[in-house]
Amino acid sequence: QVQLVESGGGLVQAGGSLRLSCAASGRTFSSFTMGWFRQAPGKEREFVAAISLSGKNTYYADSVKGRFTISRENGKNTVYLQMNSLKPEDSAVYYCAAHRSPGSTTLPRDDYAYWGQGTQVTVSS
């Protein structure tokens, strides 16, 4: 079992920045790909970014590429999402997730077995 706790959400004006953090506990953090997903009201939960075990490989949705950066500190069991140049359409609940299979790096939402409670990000225009 793994527990994930997100923090860092809030209200920001368009063009601003936020940094989300996700602290993990309960299993070997460095063995698993980590991802960020988001869900806006009335919409499906969608992929935002993912990072491989060592942090060497990162993946982004087209909508956030060039504006968001995912990173991880395995020594602190923490993954981050730096969000710059925020837009109103980035408003959503952001979820941290851990992949279900050690060593695997795939992006579909159903490949992630463990989820945090989510943190709200609201971008005002």
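The coordinates are above.
Since we're looking at a predicted model, the values are computed, not measured.

J.: Quick rundown of the packing of aromatic side chains? Include the residues and the values.
T.: The tally for this structure, following the rule as stated, stands at four aromatic pairs. Ring geometry for Phe 37 versus Phe 47: centroids 5.8 Å apart, planes at 75 degrees, classification edge-to-face. Here Phe 37, found in strand S4 (residues 34-39), pairs with Phe 47, found in strand S5 (residues 46-51); they are 10 residues apart in sequence, far enough to count as distant. Each member of the pair, Phe 37 as well as Phe 47, is classed as buried.

J.: Please provide a residue-by-residue account of the pattern of salt bridges, values included.
T.: This structure, assessed with the given rule, holds seven salt bridges. Residues Arg 109 and Glu 44 are paired through a salt bridge, measuring 3.3 Å at the closest nitrogen-oxygen approach. Of this pair, Arg 109 sits in the loop between strand S9 (92-99) and strand S10 (112-115) while Glu 44 is found in the loop between S4 and S5, placing the two residues 65 residues apart along the sequence. Accessibility expressed as a relative area gives 32% for Arg 109, which makes it partly exposed. The shortest N-O distance in the salt bridge between Glu 73 and Lys 76 comes to 3.9 Å.

J.: Describe the sheet that holds strand S1 (residues 3-7), and please don't skip the residues or the numbers.
T.: With antiparallel pairing, four strands are arranged side by side in an open sheet as S1-S3-S8-S7. Looking at which strands have only one partner, the edges of the open sheet turn out to be S1 and strand S7 (68-73). Recorded for the sheet is a direction-independent mean angle of 15 degrees between the axes of neighbouring strands. Relative to strand S8 (residues 78-83), S7 runs antiparallel, the two sharing six bridges. Its bridge partner lying in S8, Phe 68 is registered against Met 83.

J.: Describe unusual backbone geometry, naming the residues involved and giving the relevant values.
T.: Positive phi, close to 50 degrees, is recorded for Asn 77, a residue that is not glycine. Following the sequence through the fold, Asn 77 ends up in the loop between S7 and S8. Not every positive phi belongs to a glycine, and Ser 85 is a case in point at roughly 50 degrees. Of note, Ser 85 is situated in the loop between S8 and S9.

J.: Describe the nonpolar core, and please don't skip the residues or the numbers.
T.: Residues Trp 36, Val 79, Leu 81, Met 83 and Tyr 94 are the most contacted members of the largest nonpolar core, which totals 34 residues. Elements supplying a minimum of two residues to this core: strand S3 (18-25), S4, S5, S7, S8, S9 and strand S11 (119-124).

Conventions adopted
Residues numbered from 1 in each chain as written. Predicted model: local features only at pLDDT ≥ 70, side-chain atom pairs only at ≥ 80, totals over all residues. Heavy atoms only, no water. Phe/Tyr/Trp six-rings, centres within 6.5 Å; stacked < 30°, edge-to-face > 60°. Helix = DSSP H or I, 4+ residues; strand = E, 2+ residues; numbered from the N terminus. Buried < 20%, exposed > 50% of the residue type's maximum accessible area, 1.4 Å probe, protein only. Salt bridge = Lys/Arg side-chain N within 4 Å of Asp/Glu carboxyl O. Pairing = 2+ DSSP bridges. Axes fitted to C-alpha atoms, helices over the stretch in contact; angles between N-to-C directions. Core = buried A, V, L, I, M, F, W, Y, C linked by side-chain atoms within 4.5 Å.

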